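# Examination of the molecular architecture
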Amino acid sequence: MLKSKTFVKKTRSGGVMKIVREHYLRDDIWCGSETCTECGQDSAVLQREAGAASSLCSEPHYLLPDTNVVLHQIDVLEDPVIRNVIILQTVLQEVRHRSAPVYKRLKDIIHDKEKHFYTFTNEHHRETFIEREPGESANDRNDRAIRVATKWYNQHLEKCESDGLKVLLITNDEGNKDKAEESGLLVYRCEQYIKSLLSNPELVDRLALASDEKNEISSKVLFPDHLPLSRIQAGIKSGAFLQGTFKASSDNYLEATVFIQGDDATEVLLQGLQNLNRAIYQDVVAIQLLPQDQWVAPSSVVLLDEGAAKDDNITEEEENEKTLKTRAEAAGRKPTGKVVGIIKRNWRPFCGMLNASLLKESTRHLFTPADRRIPRIRIETRQASALAGQRIMVAVDGWSRNSRYPNGHFVRSLGTAGDKETETEVLLLEHDVPHQDFSQAVLSFLPKMPWAITPEDLAARQDLRNLTVCSVDPPGCTDIDDALHCRELDNGNLEVGVHIADVSHFIRPGNALDKEAASRGTTVYLCGKRIDMVPELLSSNLCSLRSNVERFAFSCIWEMNHQAEILKTRFTKSVINSKASLTYAEAQMRIDDATMTDDITTSLRGLNRLAKILKRQRIVKGALTLSSVEVRFHMDSETHDPIDLQTKELMETNSMVEEFMLLANISVAQKTYNEFSECALLRKHPAPPPSNYDILIKAARSKGLAIHTDTAKALADSLDVATVDGFPYFNTLLRVLATRCMMQAVYFCSGMDSDFHHYGLASPIYTHFTSPIRRYSDIIVHRLLAVAIGADSTYADLMDKHKQSALCNNLNYRHKMAQYAQRASVAFHTQLFFKSRGVLNEEAFILFVRKNAIIVLIPKFGLEGTVFFDSKDKAGPSLSFDEEGPTLTVEQLHTFRMFDKVKVTVSLDDSNLQHQKIRMSLVEPVIPGVSVPVPAVEPQAKKPKLDR
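Below: a short report on this structure.

### Some points on the overall build of the protein chain
Within the protein chain, the secondary structure is distributed over 24 helices and 38 strands. Within the protein chain, the proportion of its 948 residues that are buried is 52%. When the accessible surface of the protein chain is totalled, it reaches about 44200 Å², and 50% of it is carbon and sulfur.

Pasting the structure below:
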């Protein structure tokens, strides 16, 4: 049966277009039940013995939730207890339109065969399709369609003599519920049904809380109303309001900033609970600037929200008293504002720990997130004693203006706090790192084993198996992306090749494997664990350029003279056979051992000599050589706990590999941009604003040195000559500080930007080509290059600059979150190390001087931490801070300056299981009254910023 709709639509040019939509109805759509004798289906999804034991319905039953139940109670639907559920096409379409994350989770449930969720296409079934009536809203029409489908299901199953099997409509909409009851349907609210389950009372904890007044502890209004979206949009258009992303402070729960993008990009400061007005970190908010006489300076006070539930009744005077602490300074005031509305919530499930209520019978408790930027969340649970000491996940349901904290619900337990597996899971979840196992849909696109190169493959590629190719990587590396060779040609010139794993051969555009790699964006390297971007069969086997096996590669080959000048460049898909997989140390030993003259060593020596010339040439052009401390843990072979911690030593061979990777990336960037000026995927590094260098200039001036920052070359030259007699580590510290001044390098599409320059490398154009096993950006660059040389065909998305730009946004986000996750992993393993080692005394250098503290770097461990001098009692040491220096004088006995050498004690403070910290206190110089241990901050171990 065919139904058609005709309507007219106005085009952009002002014309009118007639559109006809055809809608086919059928009567042969399966109901999905294995009890059915009418549909004649072979493979049923819904089981005969259906439904958990319920006090509301003793008969076997299927559940049919409406759209709002799916949207708000997805955590309940994901529970293993909930099975045999009918998801109507109407509901699926509405969920897809209203929430992409919930839609993805729902699709995952439907694909899980253990859950027995069946999608019924009611919009194409002759007996369940309904037309929208005149004057009926789309929402009311969809509610009616859900009721009609529920009624049809019950009548259909009755015909099949299915032993009293019922279909229960689950809705929280009172109007929908009343109309369903009038039609004789069995209908329940979600909470009502879940509480009726006889064997699973704990499932109640996963219910999202309703935001009605009966769920609120206080009837007092604590926050201003949020304005409706229509007023917000009008205010933004008129300039009365500003739109930006809310960034909560991790040091002061009463403070946040909102970054306003645009031509006059600015940052607005927010202070006080009333002005923060229930915004949560990463929400998109509308703010109103306060009058200039109400502008304040950023707070120098650390305020952590340690209050109990009684803070719901916090008085305005108490809140203002705390806020006034943040308004002490008149100097350094910033534009200050208040949140007037929420444009887009960016809530996600948060990891943390439960703070059980002191009242024995209470089911209401406060949850403290692991991320200090997230406010505490009130949840209801009857499992408080079982969840003590556990890391759990909680989702936010809403935040009433009557409540001091947002309301949420328990999602799941992650394991015991402090356990290595649990803490790793927490940091992956908190940094939004996709780490689930690869699905069968993804794995189905992997090559079938055993795999071998065919004669057809060889015919389509250049055979380079005879070349003396080798790889040089860190110890234990199994995902080998790159290999190198160098040989002398008959004409006296040198041939140098960079051979990169040809991952794009195995991952074809648009399939499930490609989509998963694009979503993950990057491989994430944690201490002792790797989260692969692509399945292990590719990452550690078929794509990895291991020695003595034939592998597909994408080769960039130059002909150079002995002065490292490039005479010719060519790119080719190839087959190689690496002759050795070396570590940096092994390659260095070969180069240094004069008795070794084999082909591999000769190739390495040639590469190393050319790399030194290339590096000199880059530095002459103004490339920066910065420094950051990278640490390596030595793990116990049985427990996998860290038993030693030391900084990584960089060798000549590290630089050798880096130089040729940089050169290959630059060569490929130029080639792809020349061929595809609008859709090349490039990487740029913006020059820092001059104000970023203030601290670096001050630091150098304190030692009588000048740092010039007009250009990258001026900065590089200044750093090269910045030395202090008798202080060999000074230049390294200065370069560490210079690294902190830099901006983040980002991916972008050439057709969407005009600034291509890479500041750190002093290169006019750059991309990433050399690590396709661990970076999706490189796979796209491989595809562009393959099209450019005629080795592969193009496809629509590759040439769409808007889609390329959206992809770049995701890659930049994934890359940033991977870096944060890696640092968090280093911080956690550092805590484990000091837990086993106890208190250590170590030499350190001052990196920064603050009003009440010094921030120090311990070179031995690459560990950064803070030594505080203030104390909670009023009789703390007298402090005198000079911002111009900057210097800090303690007790009029000692003045601390940047780069001073000190000795500190380092230990683990595990008094707070949720937020364990590395504690540092001063040993030398000795200052009476200051040697008592004081609060510390989280350590930060920095990764080097090599952009190869």
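Next comes the rest of the write-up.
### Structural notes on helix H15 (residues 512-520)
An α-helix turns once every 3.6 residues. As a result, residues three or four positions apart point the same way. Among the residues making up H15, those that are buried are Leu-513, Asp-514, Glu-516, Ala-517, Ala-518 and Arg-520. At its buried positions, H15 is contacted by helix H13 (440-443), strand S23 (529-531), helix H16 (536-542), helix H23 (776-788) and helix H24 (801-837). Structurally, the start of H15 carries an N-cap: the backbone nitrogen of Leu-513 is 3.1 Å from a side-chain oxygen of Asn-511. Where H15 terminates, the next one or two residues include Gly-521, which has phi positive at roughly 80°.

### Remarks on the sheet that holds strand S34 (residues 879-882)
Ordered by their spatial adjacency, 3 strands build an open sheet running S34-S35-S36, and the pairing between neighbours is antiparallel. The strands lining the two open edges of the sheet, one partner per strand, are S34 and strand S36 (894-897). Pairwise comparison of adjacent strand axes, ignoring direction, gives a mean angle of 20° for this sheet. Pairing of strand S35 (residues 887-890) with S36, which is carried by 4 bridges, proceeds in the antiparallel orientation. Counted as the bridge partner of Val-890 is His-894 from S36.

### Considering unusual backbone geometry
Cis geometry is adopted by the peptide bond preceding Pro-450, which originates at Met-449 and carries an omega value of -5°. Tracing the backbone through its elements, the reader meets Pro-450 in the loop between H13 and helix H14 (455-459). For the bond running from Glu-924 to Pro-925, omega is 0°, close enough to zero to count as cis. Summarising the element assignment, Pro-925 is placed in the segment after strand S38 (917-924). Even without glycine at this site, Asn-277 takes up a positive phi of about 45°. Looking at where Asn-277 falls in the secondary structure, it is placed in the loop between helix H9 (273-276) and strand S11 (284-289). Assessed through its relative accessible area of 0%, Asn-277 is described here as buried. Phi at Arg-278 is positive, roughly 70°, even though this residue is not glycine. You can see Arg-278 is positioned in the loop between H9 and S11.

### A few points about empty space enclosed by the protein
Counting across every chain of the model gives 8 cavities of 30 Å³ or more. The space that makes up the largest cavity amounts to roughly 60 Å³. Surrounding the largest cavity, Leu-63, Pro-65, Val-69, Val-76, Leu-77, Ile-82, Ile-170, Cys-190, Tyr-193 and Ile-194 form its lining. The greatest single-element share of the lining of the largest cavity, amounting to 3 residues, is contributed by helix H7 (residues 190-195). Per-class residue counts for the lining of the largest cavity are 10 nonpolar, no polar and no charged.

### Things to note about the pattern of salt bridges
Oppositely charged side chains can form a pair if their charged atoms are brought close together. The tally for this structure, following the rule as stated, stands at 47 salt bridges. Arg-189 is paired through a salt bridge with Glu-174; the nearest N and O atoms lie 4.0 Å apart. Note that Arg-189 is positioned in the loop between strand S7 (187-188) and H7 and Glu-174 in helix H6 (residues 174-182), a separation of 15 residues in sequence. Within the structure, one salt-bridge network assembled from shared partners comprises Glu-174, Arg-189, Glu-191 and Lys-195.

### Some details on the pairing of strand S14 (residues 364-369)
Within S14, 5 of the 6 residues are buried, leaving the element largely enclosed by the surrounding structure. Relative to S14, strand S13 (residues 350-355) runs antiparallel, the two being bridged by 4 bridges. Bridge pairing in S14 places Leu-354 opposite Phe-367. In the sheet, S14 pairs with strand S15 (residues 377-380) via 4 bridges, with the strands oriented antiparallel. Among the inter-strand pairings, Arg-364 is bridged to a residue of S15, identified as Glu-380.

### A word on the packing of helix H19 (residues 652-675) against H23
Following both chains from N to C, one finds H19 and H23 inclined at 60°, their axes separated by 9 Å at the closest point. Of the possible angle classes, the one that applies to H19 and H23 is oblique. Pair H19 / H23 crosses with left-handed handedness. Here Val-668, Lys-671, Thr-672 and Glu-675 of H19 lie close against H23, whose contacting residues are Val-781, Leu-784, Leu-785 and Ala-788. Classifying every residue of the contact of H19 with H23 gives 5 nonpolar, 1 polar and 2 charged.

### Looking at helix H5 (residues 138-159)
With 22 residues, H5 extends 32 Å from end C-alpha to end C-alpha; this agrees with the ideal 32 Å at 1.5 Å per step. Taken from the residues just after H5, Glu-161 is the one with a positive phi, measuring 50°.

### Details of the sheet that holds S38
Hydrogen bonding along the main chain pairs the strands of a sheet, whether they run parallel or antiparallel. With respect to topology, 5 strands assemble into an open sheet ordered S33-S32-S31-S37-S38, the strand pairing being antiparallel. Two strands bound the open sheet, and with one partner strand each, they are strand S33 (863-868) and S38. With strand direction ignored, the average angle separating the axes of adjacent strands in the sheet is 45°. The sheet contact formed by strand S31 (residues 840-849) and strand S37 (residues 901-909) spans 6 bridges and is antiparallel. Residue Glu-842 lies in a different strand from S37, and its bridge partner there is Val-904.

### Quick notes on the packing of aromatic side chains
Throughout the structure, instances matching the rule amount to 18 aromatic pairs. With 5.8 Å between their ring centres and 55° between their planes, Phe-727 and Phe-730 make a pair best called tilted. Connected via pairs of aromatic rings, a cluster forms that spans Phe-727, Tyr-729, Phe-730, Phe-845 and Phe-899. Note that Arg-461 overlies the ring of Phe-552, its terminal NZ or CZ placed 4.0 Å from the centroid.

### Looking at the pairing of S11
Relative to S11, strand S8 (residues 242-248) runs antiparallel, the two sharing 4 bridges. Within S11, the residue paired with Gln-243 across the bridge is Ala-286. Inspection of the sheet shows S11 paired to strand S12 (residues 337-344) by 6 bridges, in the antiparallel sense. Bridge pairing links Val-285 to Ile-342 in S12.

### A word on the side chain of Asn-493
Along the polypeptide, Asn-493 turns up in the loop between strand S20 (482-488) and strand S21 (494-501). Within the structure, Asn-493 has its side chain in polar contact with the side chain of Glu-559 (distance 2.9 Å). Excluding its chain neighbours within four sequence positions, the residues that come into contact with Asn-493 are Arg-487, Glu-488, Glu-559, Met-560, Asn-561 and Leu-567.

Here is what the cut-offs are and how they apply
- Residues numbered from 1 in each chain as written.
- Predicted model: local features only at pLDDT ≥ 70, side-chain atom pairs only at ≥ 80, totals over all residues.
- Heavy atoms only, no water.
- Helix = DSSP H or I, 4+ residues; strand = E, 2+ residues; numbered from the N terminus.
- Buried < 20%, exposed > 50% of the residue type's maximum accessible area, 1.4 Å probe, protein only.
- Areas by Shrake-Rupley, 256 points an atom, 1.4 Å probe, with all protein chains shown as cover.
- Contact = heavy atoms within 4.5 Å.
- Polar contact = N/O pair within 3.5 Å; in protein donor to acceptor, adjacent residues only side chain to side chain.
- Pairing = 2+ DSSP bridges.
- Axes fitted to C-alpha atoms, helices over the stretch in contact; angles between N-to-C directions.
- 1 Å grid on protein atoms, 1.4 Å probe; cavity = no way out; pocket = protein on both sides within 12 Å on 5 of 7 lines; lining within 4 Å.
- Points joined across faces, edges and corners; volume = space filled by probe spheres on them.
- Nonpolar A, V, L, I, M, F, W, Y, C, P; charged D, E, K, R; others polar.
- Salt bridge = Lys/Arg side-chain N within 4 Å of Asp/Glu carboxyl O.
- Parallel < 35°, antiparallel > 145°, perpendicular 65-115°, else oblique.
- Left-handed = near helix turned anticlockwise from the far one by under 90°.
- Expected span 1.5 Å × (residues − 1).
- Phe/Tyr/Trp six-rings, centres within 6.5 Å; stacked < 30°, edge-to-face > 60°.
- Lys NZ or Arg CZ within 6 Å of the ring centre and 35° of its normal.

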